[in-house]
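One-letter residues, chain by chain:
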Amino acid sequence: MNALRKEKNKEREKRPTRSFFLNKSIKKILIYLFLLITLLTIWQILLEYFDIPKRIAPKPSDLFNFITKEFFIPHSQGYQNILVKSLFSLRDALLGFLISLILGSLIGIVIFKNTYIYSILFPFLFLTQLIPVPALAPIVATLLGYGFFTKIFLIVLFCIFSVVVSVRNTLINLPENYTLLLHSYSPSRKEFLKYLLLPSLVPTLLSTMKLLCSGSIVASIITELPLSVKTGIGKDIYNSFNNQIIPRVWVSTMLISIISLLFFICISKFEKYINKKYRYGQF
Amino acid sequence: MDNSKAITVENFNVLFNGDRTKHLHVLENISFDVKNSSFVSIIGPSGCGKSTLFRLISGLPTKDSCEIGGKIRIYGRKPETASKNRDLGLILQKPTLLEWRTVAENIELPLEIMGYQKEKRGKIVTKLLNSMDLTPYSHYRPSELSGGMQQKVSIGRALAYNPKLLLMDEPFAALDEVNRRRMNNEIINIWKEMNKTILFVTHNIQEAVYLSQKVIVLSKKPSTVYKTVEIDLKYPRNEVEGCSKYFKYIKEIREYLNEASN
Ligand SMILES: Nc1ncnc2c1ncn2[C@@H]1O[C@H](COP(=O)(O)OP(=O)(O)O)[C@@H](O)[C@H]1O
Ligand SMILES: [Mg+2]
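Basis of the calculations
- Residues numbered from 1 in each chain as written.
- Chains lettered and ligands numbered in written order.
- Predicted model: local features only at pLDDT ≥ 70, side-chain atom pairs only at ≥ 80, totals over all residues.
- Heavy atoms only, no water.
- Axes fitted to C-alpha atoms, helices over the stretch in contact; angles between N-to-C directions.
- Helix = DSSP H or I, 4+ residues; strand = E, 2+ residues; numbered from the N terminus.
- Parallel < 35°, antiparallel > 145°, perpendicular 65-115°, else oblique.
- Left-handed = near helix turned anticlockwise from the far one by under 90°.
- Contact = heavy atoms within 4.5 Å.
- Nonpolar A, V, L, I, M, F, W, Y, C, P; charged D, E, K, R; others polar.
- 1 Å grid on protein atoms, 1.4 Å probe; cavity = no way out; pocket = protein on both sides within 12 Å on 5 of 7 lines; lining within 4 Å.
- Points joined across faces, edges and corners; volume = space filled by probe spheres on them.

Asks: Explanation requested: the packing of helix 6 (residues 133–144) of chain A against helix 7 (residues 148–172) of chain A in the structure shown.
Replies: A pair of packed helices is characterised by two quantities: the angle between their axes and the separation of those axes. Residues and elements named next belong to chain A. At their nearest, the axes of helix 6 and helix 7 sit 10 Å apart, and the two run at 140 degrees to each other. Compared by their axis directions, helix 6 and helix 7 come out oblique. By crossing handedness, the relation of helix 6 to helix 7 is classed as right-handed. Seen from helix 6, the contacting residues are Val 133, Leu 136, Ala 137, Val 140, Ala 141 and Leu 144; seen from helix 7, they are Thr 150, Phe 153, Leu 154, Leu 157 and Phe 158. The residue inventory of the contact of helix 6 with helix 7, partitioned by class, reads ten nonpolar, one polar and no charged.

The following block contains the structure:
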């Protein structure tokens with residue numbers, strides 16, 4: 001059996017997958033680049049032909065101008081460019097994301113164990129899904145202040161529901177034979193938690209993390225508007241829009257989209273890696 | 001305390017009081033005992049309450065809707081106590097292996113939970129893997145094994161902490177005929193060599209006769225002990241499989257099961 005495996009591995013090594021893969025991805029990148037340039041050119045030509053003003057839709061050249069001004073020309077000290085502001089928003093999103101995961105898992109586990117707490121807590125959790133966070137923001141802000149903590153609180157409020165629900169669902173659907181077997185080894189909750197409950201939550205948490213990637217960033221940006229948070233790309237986009245600096249709005253939006261996408265790709269890769277390597281929670 | 005009796009079940013009754021199943025009487029006045037070092041099978045029509053009985057003998061928790069009367073003793077103790085005392089090894093219908101652990105780590109699981117020292121665990125697992133011819137698979141994941149092999153690992157896991165009593169609930173029901181026979185021989189070897197007491201739940205008459213010294217036939221719901229058949233055949237049973245006495249037992253139990261199902 002082992003010999004057979006080694007044979008297979010050898011075969012795999014012989015196959016020229018690596019270089020083939022590289023060739024393929026380079027080709028892909030070139031195609032994308034070509035498409036992008038064509039698109040930008042058409043966009044530029046169309047806007048120039050119809051003479052559409054900058055405040056309605058900026059031309060690619062306007063965007064490039066803005067990018068060089070923002071990133072490649074020195075600014076006064078203490079100036080934060082949009083990348084720095086985006087990273088501040090990302091930091092808050094990440095913090096809310098982590099707190100939601102941990103707190104949400106805890107609540108999920110507790111309401112799985114205790115149906116009484118579940119029946120009390122669930123309506124409130126559900127309410128967090130019904131009320132849009134921006135609408136809730138002023139109320140929370142008057143209660144907790146207009147700063148950082150309120151922002152994190154709102155992000156968590158926005159994200160936590162999906163964590164709690166998916167954790168509880170996973171636990172409810174744990175195969176009974178596994179819980180019984182573990183009980184026969186030890187009726188203690190600690191062992192149950194360690195050997196069955198936590199491992200089986202891993203794939204759920206990973207896929208919930210994927211869901212929360214964009215969710216937490218959206219929440220981070222939206223909550224900046226009603227709050228007096230100084231550094232954040234959401235606030236910046238809002239201010240730029242009010243001051244009619246449209247290229248800045250466009251580039252900022254693209255930038256935060258790219259960051260969101262990268263975040264998502266990282267988590268996806270991480271999910272695949274963990275699930276393949278450790279096989280937690282696969283029954 | 002009567003040490004010759006591994007299990008005694010006395011006037012055991014189980015009622016389910018679910019929302020839909022008002023007063024579903026599943027087990028009615030069940031009484032039997034299992035002698036130490038013997039191999040006893042319980043056979044009955046499906047849905048008659050074999051698994052319910054199995055669960056209660058194993059000392060596993062029951063649902064709130066489950067109403068119990070009567071008494072079960074394992075070496076004179078309550079099932080929960082016996083379970084805590086590591087007297088019981090459970091083998092369920094599904095292998096119930098953890099996919100995030102290798103074969104060796106799965107066998108190690110109960111030892112880890114029960115707090116054995118690492119060195120001792122390693123020794124026990126190596127020895128078990130060896131004696132069960134599982135060593136080449138020790139680093140495999142459960143899903144990489146066939147159903148029969150998976151069940152074999154789960155038997156290894158039950159043997160790891162050396163319980164006196166093995167309880168099995170239709171462990172080979174999902175296997176094909178050839179593999180089932182192979183596992184049957186395997187389990188008889190374990191029973192003889194390790195001097196275990198085995199209570200084996202099945203719905204397969206052949207299997208019951210092939211394995212056991214005593215077969216308890218349950219009737220359909222509400223189940224009672226319909227008949228008890230002593231199988232007076234010597235082991236290994238593959239040598240007596242062709243003889244008329246063997247077929248007589250099969251025929252006898254089939255008749256009882258037919259009567260008990262009507
Ligand atoms: N938790 C439960 N609530 C209500 N009825 C149950 C429950 N568990 C089992 N039963 C009923 O008890 C009967 C026996 O089930 P089971 O012990 O699984 O039978 P077997 O293992 O012999 O096939 C079945 O009719 C089943 O519907
Ligand atoms: Mg059953």
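Moving on from the coordinates now.
Asks: Just to check I follow, could you spell out the environment of A:Gln80 for this structure?
Replies: All names here are of chain A. By the element assignment, Gln 80 lies in the loop between helix 3 (60–72) and helix 4 (82–113). Taking the C-alpha atoms as reference, Gln 80 lies 9.8 Å from Gly 232; in sequence the two are 152 residues apart. Setting aside its immediate chain neighbours within four residues, Gln 80 contacts Glu 70, Lys 85, Phe 88 and Thr 231.

Asks: Explanation requested: empty space enclosed by the protein in the structure shown.
Replies: Over the atoms rolls a probe the size of a water molecule, and in doing so it shows where empty space is left. Residue and element names in this part refer to chain B. As enumerated under the stated definition, the model contains one cavity of 30 Å³ or more in all. The calculated volume of the largest cavity comes to roughly 40 Å³. Lining the largest cavity are Glu 170, Phe 172, Ala 173, Arg 180, Thr 202, His 203, Asn 204 and Glu 207. Along the lines of polarity and charge, the residues of the lining of the largest cavity split into two nonpolar, three polar and three charged.

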